[in-house]
Amino acid sequence: MLSVNDITMRFGGRILFEDVTCSFMEGRRYAITGPNGAGKTTLMKILEGEIEPTKGSVSRPKKLGILRQDQFAFDEFRVIDTVIMGNGPLWKALQERDALYDKPHDKLTDKDGMRLGELEGIVGDEGGYTAETDAAILLDGLGIEAKIHERKMSELQGGQKVRVLLAQALFGSPAAILLDEPTNHLDLDSVHWLQDYLHEYEGVMIVISHDRHFLNSVCTHIADIDYQTVIMYNGGYDDMVLAKTAIRSRIESENAVREKKIAQLNEFIARFSAGTRSSQVMSRKKEVERIQTSDLARSNIARPYIRFDMKSPSGRHPIEFKGLTKSYGDLKVIQHFTAEVERGEKIALIGRNGAGKTTLLKSLIRTATGYIDDADKHFPIDGGHVKWGHEVAVGYFAQDHTDSIVKGTTAIEWLHQFDQKASQEELRGVLGQMLFSGEDALKPTGALSGGESARLIFCKLMLQKPNVLVLDEPTNHLDLESINALNIALQKYPGTVLLVTHDHDVIDEVATRIWHCKGGQVEDFKGPYEDFLVYSKEKAS
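Treat the numbers as computed from the prediction; the structure is a model and nothing was measured.

### Here we look at the overall build of the protein
A tally of helices and strands in the protein yields 17 helices and 19 strands. Across its three principal axes, the protein shows a C-alpha extent of roughly 110 × 75 × 50 Å. The buried share of the protein, taken over its 541 residues, is 48%. In the protein, of all internal contacts separated by at least 6 residues, the share reaching a separation of at least 24 is 68%. Approximately 26,400 Å² of the protein is accessible, and the part contributed by carbon and sulfur atoms is 48%. For the protein, the distance from the average position of its 65 positive side-chain charges to the average position of its 79 negative side-chain charges is 6 Å.

### Focus: the sheet that holds strand S1 (residues 2-11)
Read across the open sheet, the 3 strands follow the order S2-S1-S4; overall the sheet is antiparallel. A strand with exactly one partner marks an edge of an open sheet, and here the two such strands are strand S2 (14-24) and strand S4 (55-59). Between one strand and the next, the sheet's axes are offset by a mean angle of 15°, whatever the strand orientation. This element, helix H1 (residues 40-48), spans S1, S2 and S4 of the sheet and lies at about 130° to S1.

### As for the environment of Cys 22
On the secondary structure map, Cys 22 appears in strand S2. For the pair Cys 22 and Val 58, spaced 36 residues apart in sequence, the C-alpha to C-alpha distance is 9.9 Å. Residues contacting Cys 22, with those up to four places away along its chain left out, are Ser 3, Val 4 and Met 232.

### Some thoughts on the layout of surface pockets
Taken as a whole, the second largest pocket encloses approximately 370 Å³ of empty space. Forming the walls of the second largest pocket are 20 residues, and the residues nearest its centre are Ile 306, Asn 484, Ala 485, Ile 488 and Ala 489. Contributing elements (two or more residues each) for the lining of the second largest pocket: helix H9 (237-272) and helix H15 (480-492). Considering each element in turn, the lining of the second largest pocket owes the most residues, 7 residues, to H15. The class makeup of the residues in the lining of the second largest pocket is 12 nonpolar, 1 polar and 7 charged.

### Concerning empty space enclosed by the protein
Inspection of every chain in the model, using the stated rule, returns 2 cavities of 30 Å³ or more. Here the second largest cavity defines a volume of roughly 40 Å³. When residues of the lining of the second largest cavity are traced back to their parent elements, those giving at least two are H15 and helix H16 (504-510). Residue contributions to the lining of the second largest cavity peak at 4 residues, all from H15. The residue makeup of the lining of the second largest cavity, split by class, is 3 nonpolar, 2 polar and 3 charged.

Criteria and cut-off values
- Residues numbered from 1 in each chain as written.
- Predicted model: local features only at pLDDT ≥ 70, side-chain atom pairs only at ≥ 80, totals over all residues.
- Heavy atoms only, no water.
- Helix = DSSP H or I, 4+ residues; strand = E, 2+ residues; numbered from the N terminus.
- Buried < 20%, exposed > 50% of the residue type's maximum accessible area, 1.4 Å probe, protein only.
- Contact = heavy atoms within 4.5 Å.
- Areas by Shrake-Rupley, 256 points an atom, 1.4 Å probe, with all protein chains shown as cover.
- Lys, Arg positive; Asp, Glu negative; His and termini not counted.
- Charge placed at Lys NZ, Arg CZ, Asp CG, Glu CD.
- Pairing = 2+ DSSP bridges.
- Axes fitted to C-alpha atoms, helices over the stretch in contact; angles between N-to-C directions.
- 1 Å grid on protein atoms, 1.4 Å probe; cavity = no way out; pocket = protein on both sides within 12 Å on 5 of 7 lines; lining within 4 Å.
- Points joined across faces, edges and corners; volume = space filled by probe spheres on them.
- Nonpolar A, V, L, I, M, F, W, Y, C, P; charged D, E, K, R; others polar.

These figures come from the coordinates and say nothing about function on their own.
Right, dumping it as structure tokens:
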């Protein structure tokens, strides 16, 4: 069990949560939820012991599995060793044992021999004799191929490092695992593997994730940070939202009835306070005090509003291409892909990381009409012909979108360039929809967080009103409320969508067609994601 007792966390005058007492029980899987800035990562760091609360205490089991955020901390170690380091006692015993075995035989003392016996006992108890095999199973499940296991961490890309660090957190059967954004940098296959693994885990699991499907699939309880406290709910994320909404609606309804009754009593008091009915007036005053409305604290939930409109529709076939081919040296990413897209189709590109999803989008938009930056028009391909249709206007959300926001200006000034006729009031209205209220509109573009940058680009797309949206990982850096708003907006959008995302719910609820990238080939499945999953299982069996 992991528990917190009467903890409070303040930053200056700002209270994140106050006087929180709760327990995280063995066999249960918890999500910490709340909007960006609510204090989710802060609470996780308190649970890990990385930071201390302003007041209060935390009780932890001895063996914690923690998803480390420092990607460079293990650069000098082999990938397989980095995973085994997740079991601290085992790794320490292995290092000490190997150091003793490296001694010349004639230099070993009786004390060394006794210590080796103790160390072999620790290694055996901690599963050390199957450690490399166990670590390899975790790495394979998370999409790290066997040929990479012996490499140094410094040779890996950022996404690969994160998956190795996730394997490290899961290694060694810890009593509790604490995972901050474990699905970041995971493709859908790896996410599904992780879900299955966590379902079998018997300790305490605490996770932060912006993947609604993952939370609904994995979690048995929700620890929601709101009203300056932590409130526990049974069930997954959607269960929490329903319960939270019902509780607030009930209190608001009860308050409305009470306020009406208080108004009637106050009217009586005002009419007869100076007359002969003083005893009745006094009775009414006491009744007013008794039925005062419940204090309804302000929630920290902020819901953006996204709506993508079109200035005009495109032609019937917004894009068609033949024989599209792209390689990086000897690596063949796309080989002779041919397709035709109909107006209004919403196509999700799926596949393992590195399978070519972003490459395919870049290969298409290089000749697109509409709102494409000059840098994106110079992406080279090896072969094929791409034809964009009549009246097509493409709006593009790049995976690495921060470079597209010019530094040295403010959010509202940067946005104004995309609609010179828009008034300040109109611009502030669009920014307000994406939670840039008041002075936030004047925030320097160089100071924007990842989530703020993404929301500003959505403002741009809402101003531009394209009839084709090309979105490469738009849900990265967004909180759950923003992802849900984007999901709804894409479902309602009347135009055409090409979408790369690892968010299961967005793919499932938005896509009408799937392009599955694998081994240099692109499989074109004309149907929703649910049907594609059934088709894939039947094909594999």
